[in-house]
Amino acid sequence: MKVPRTLLLAASVLALSRADARSDTPAGLLATVEQFDHLTLGNAVLVGSMTVRTGHLECKISGGHAAPVLAGDATVGFFFEGRGEMQYVSADPVEAPVVIFNAKKASSLKPEKTDQGVRLTDKFTRLLWIAQGEPLPALTGTASTPLTASFTAQREMFGRFRSAPLSYDYATQRLDAPAKALVRVEMDGGSDDVIYRRSDLGDGWEGLAILRPTESRDPEMRKFTFQTQISRQPVQRDRRDPPNPRVVLTDVDVDLRASGGTEASMTVVEALVPIGRPLSVLRLNLDSTIYTTFGGNLTKRAERLRKVTDEAGRALEFVHGYDETLIQLAEPAAPERPIKLKFEIDGDFLVSPAGDSYWELGVHDWFPQPSLAGQLYTFHALVRVKKPFVPFAPGKTIRRTTEGDENVLETRVDKPICFAVILAGRYTIYEEVKGGVTIRVATYALDNPRAVKQLANLTGSIIQYYEEFLGPFPLPEFNIIEINDIGWGQAPPGTMFITKEAFNPIMTAHTGQGGSRGVNARFAHEIAHQYWGTVVKMPSLEEQWLTESFADYSAALFMKAYKNEAEYKAIVSEWRGLSSWADADEIPISLANDAAGLNRFDLRYGLLYNKGPALLYALHKELGDEAFFTFLKSYQKSFAWKFGTTKMVAGLLQYMTKKDYMPFFDKYYWGTEMPKN
Ligand SMILES: [Zn+2]
């Protein structure tokens with residue numbers, strides 16, 4: 001049989017109009033998700049050679065069979081089986097080293113440097129192309145045998161990818177931004193199983209990822225495939241600028257009741273502000289499945305969203321799964337005006353690590369929240385837990401009391417924060433007011449008065465030191481909570497989680513030289529996060545050095561003042577040593593988290609906790625003490641309770657010194673060079 005001559009030219013030539021693609025009456029959220037969850041195929045035809053393009057992706061088909069893909073009655077893409085080759089170019093010079101690093105370490109794709117950027121190529125024998133808000137190629141030709149069986153196998157295979165299904169993306173697009181482009185291309189049969197995605201729904205971006213099986217032996221995890229993002233480049237946006245959120249969460253009011261076991265129920269009332277344009281469908285992160293290990297086995301817990309109501313009391317249509325929720329508003333909400341939604345949630349989501357007598361609703365999405373750039377909320381919590389558990393929440397204590405068999409806590413934070421956490425456990429509290437700040441030390445299970453007093457004193461000294469150049473301590477109360485584990489700390493607003501060795505009086509004598517920084521430096525790092533993280537926030541993980549590197553540098557400054565110059569010099573040389581050990585010149589500090597997907601946590605550690613502070617050391621040396629401390633102080637003041645960016649760091653330095661600092665950060669922060677002095 002003769003294959004018809006190229007009926008399919010470049011996508012832009014022969015195309016369905018956008019109106020055709022949306023010719024069905026817009027269905028509601030649930031119906032739309034349902035349609036995209038059950039895509040169907042139209043009649044298959046024989047196709048000759050054709051090229052389809054979108055963004056920086058080009059797929060050259062040599063020949064095979066293709067069929068239109070339908071969601072409900074609307075054609076939303078096409079499915080192809082045959083022979084083809086794809087080519088993708090990452091044109092963003094900042095991510096070039098990451099693309100090469102990730103492709104080499106995690107895929108069989110061979111990255112190639114070209115004048116246009118880094119090029120990745122692969123062959124495919126199957127391709128699914130779903131595009132909305134941009135034209136689709138028309139499929140005409142001689143009828144061929146149905147592709148249904150192959151399509152079913154393809155959907156099953158890519159459906160194992162553990163992330164929100166494509167229906168979440170396309171339902172949001174269809175109902176909230178039908179004119180904006182959203183493209184997804186899945187390819188297999190080459191050296192890797194590849195997913196390309198491009199979205200203009202929020203800040204434009206496009207990227208390429210490969211799917212891989214898990215390394216876990218757990219049967220539950222082995223059901224899924226996971227992605228390694230090889231490239232993710234901004235479209236018509238400078239990645240040095242902070243992302244623009246679709247909505248900003250401005251107030252959170254939590255009413256939580258915990259059982260004595262794993263069950264809890266809560267009502268969360270949130271104020272959300274749509275940005276830029278009216279909002280019809282709200283997409284937020286919200287845990288749905290929580291995995292926990294117990295006795296070496298992975299167990300699954302559920303957090304269930306039961307009901308969402310708006311301010312008028314109307315129950316809204318929503319979906320909740322894959323740790324996300326989509327909510328369809330009763331009518332589009334006007335931009336720049338807050339809307340109020342009430343979420344009713346329950347489930348067995350109180351997880352006690354290793355069966356210890358505490359649970360933590362930590363820095364994950366235990367209540368509905370937008371991406372980092374949209375988290376700027378005041379916070380109110382009313383927490384009820386069964387005795388003898390003692391609850392903790394950030395902010396000023398309004399009341400801490402007992403009602404029947406429950407311990408009750410009510411707190412409030414008047415300043416905009418992110419990462420609010422609630423924790424409860426079998427704790428003993430020691431409380432002291434120092435310099436106007438209530439320092440509360442909570443020890444786990446066993447009372448240790450000597451260590452506790454010592455830690456309260458240390459905290460007082462650190463706060464006093466920071467107040468000299470970072471401003472008044474940001475919150476009226478500070479909870480230091482012991483965690484029954486070893487070797488880590490974490491610092492959400494008004495809180496420090498710190499593992500048990502910090503409470504051991506013998507170990508507190510050891511301070512940070514050589515491989516492990518001592519308790520003093522670790523405390524100083526975690527307390528510094530109340531400034532770097534809570535007062536000045538990071539708008540995305542690309543700016544995480546503003547929290548981690550700045551906190552670590554502040555801690556080193558404390559060690560210099562509290563101990564001596566030698567202590568500080570030892571920390572500086574440790575930063576340098578660990579930077580080179582972790583190959584921290586392979587990718588930029590700004591993209592430290594993009595190597596973590598490859599389990600290269602050593603590299604992330606090398607970049608954010610060593611090379612980043614070493615860069616601040618170089619800056620300090622160049623500016624001298626007076627200018628450097630003025631810089632830290634002014635930055636804290638100018639960006640108090642807002643998002644900071646490195647671009648604004650450069651701007652402030654330029655204002656202070658009349659020297660352009662962008663080349664400095666282009667070299668060491670967005671580039672891969674190591675600071676020399
Ligand atoms: Zn930290």
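Residues numbered from 1 in each chain as written. Predicted model: local features only at pLDDT ≥ 70, side-chain atom pairs only at ≥ 80, totals over all residues. Heavy atoms only, no water.

K.L.:
Explain the coordination of the zinc ion to me, and be specific about the residues and the numbers.
P.N.:
Protein coordination at the zinc ion comes from His525 (NE2), His529 (NE2) and Glu548 (OE), with a distance range of 2.0 to 2.1 Å. Read in sequence order, the donor residues coordinating the zinc ion give the pattern H-x3-H-x18-E. Of this pair, His529 sits in the loop between helix H7 (519-528) and strand E31 (536-537) while Glu548 sits in helix H8 (residues 548-562), and the two are 19 residues apart along the sequence. Accessibility expressed as a relative area gives 6% for His529, which makes it buried. Among the residues examined, Glu548 registers a relative accessible area of 10% and is labelled buried. (Donors = N, O, S within 2.8 Å, 3.2 Å for Na, K, Ca; no water. Helix = DSSP H or I, 4+ residues; strand = E, 2+ residues; numbered from the N terminus. Buried < 20%, exposed > 50% of the residue type's maximum accessible area, 1.4 Å probe, protein only.)

K.L.:
Give a detailed account of the confidence of the model for the protein chain, specifying residues and quantitative values.
P.N.:
Of the residues in the protein chain, 92% have a pLDDT of 70 or more, and the chain-wide mean is 91. Every residue in residues 1-25 scores below 50 in pLDDT, and together they form 46 contacts with partners more than four places removed in sequence or on other chains. Here residues 508-515 scores under 50 on pLDDT; set against residues more than four positions off or in separate chains, the count is 20 contacts. (pLDDT = per-residue confidence, 0-100. Contact = heavy atoms within 4.5 Å.)

K.L.:
Could you give an account of the nonpolar core, with specific residues and numbers?
P.N.:
Tyr466, Phe523 and Phe665 are the most contacted members of the largest nonpolar core, which has 126 residues in total. Leaving out residues up to four positions away in the same chain, Tyr466 has contacts with Gly471, Ala524, His525, Ile527, Ala528, Tyr531, Ser554, Ala555 and Phe558. Membership of the second largest hydrophobic core comes to 33 residues, among which are Ile61, Ala96, Phe124 and Leu139. (Core = buried A, V, L, I, M, F, W, Y, C linked by side-chain atoms within 4.5 Å.)

K.L.:
Any chance you could break down the sheet that holds strand E22 (residues 390-392) for me, citing the residues and the numbers?
P.N.:
Ordered in space as E20-E25-E22, the three strands form an open sheet in which the pairing is antiparallel. Only two strands of the sheet have a single neighbouring strand rather than two, namely strand E20 (358-361) and E22. Taking the axes of each pair of neighbouring strands and ignoring which way they run, one obtains an average angle of 10 degrees across the sheet. Across three bridges, E22 lies against strand E25 (residues 422-425) in antiparallel orientation. For Pro391, the partnering residue across the bridge sits in E25 and is Ala424. (Pairing = 2+ DSSP bridges. Axes fitted to C-alpha atoms, helices over the stretch in contact; angles between N-to-C directions.)

K.L.:
So, the pattern of salt bridges: which residues are in play, and what are the values?
P.N.:
Scanning all chains against the criterion turns up 40 salt bridges. Where Glu565 meets Lys560, a salt bridge forms, and the shortest distance between an N and an O atom there is 3.8 Å. A relative accessible area of 25% places Lys560 in the partly exposed class. (Salt bridge = Lys/Arg side-chain N within 4 Å of Asp/Glu carboxyl O.)

K.L.:
Describe helix H5 (residues 166-176), naming the residues involved and giving the relevant values.
P.N.:
Extensive coverage of H5 is indicated by the burial of 11 of its 11 residues. Buried residues of H5: Leu166, Ser167, Tyr168, Asp169, Tyr170, Ala171, Thr172, Gln173, Arg174, Leu175 and Asp176, and no others.

K.L.:
Any chance you could break down the sheet that holds strand E29 (residues 489-490) for me, citing the residues and the numbers?
P.N.:
The strand order across the open sheet formed by five strands is E26-E27-E28-E30-E29, and the pairing between neighbours is mixed. Every other strand in the sheet has two partners, leaving strand E26 (427-434) and E29 as the edge strands with one partner each. The pairing of E29 with strand E30 (residues 495-499) spans two bridges and is antiparallel. Within E30, the position partnered with Gln490 by the bridge is Phe497.

K.L.:
Explain unusual backbone geometry to me, using residue names and the numbers behind them.
P.N.:
Most peptide bonds adopt trans geometry, and most residues besides glycine take a negative phi value. Across the junction of Lys387 and Pro388, the peptide omega takes the value 10 degrees, indicating a cis bond. Here Pro388 shows up in the loop between strand E21 (375-386) and E22. For Gln236, which is not glycine, the phi torsion reads 50 degrees and is therefore positive. By the element assignment, Gln236 lies in the loop between strand E11 (225-234) and strand E12 (247-258). The phi angle at Phe419 is positive, at roughly 60 degrees, despite the residue not being glycine. By secondary structure assignment, the location of Phe419 is in the loop between strand E24 (406-417) and E25.

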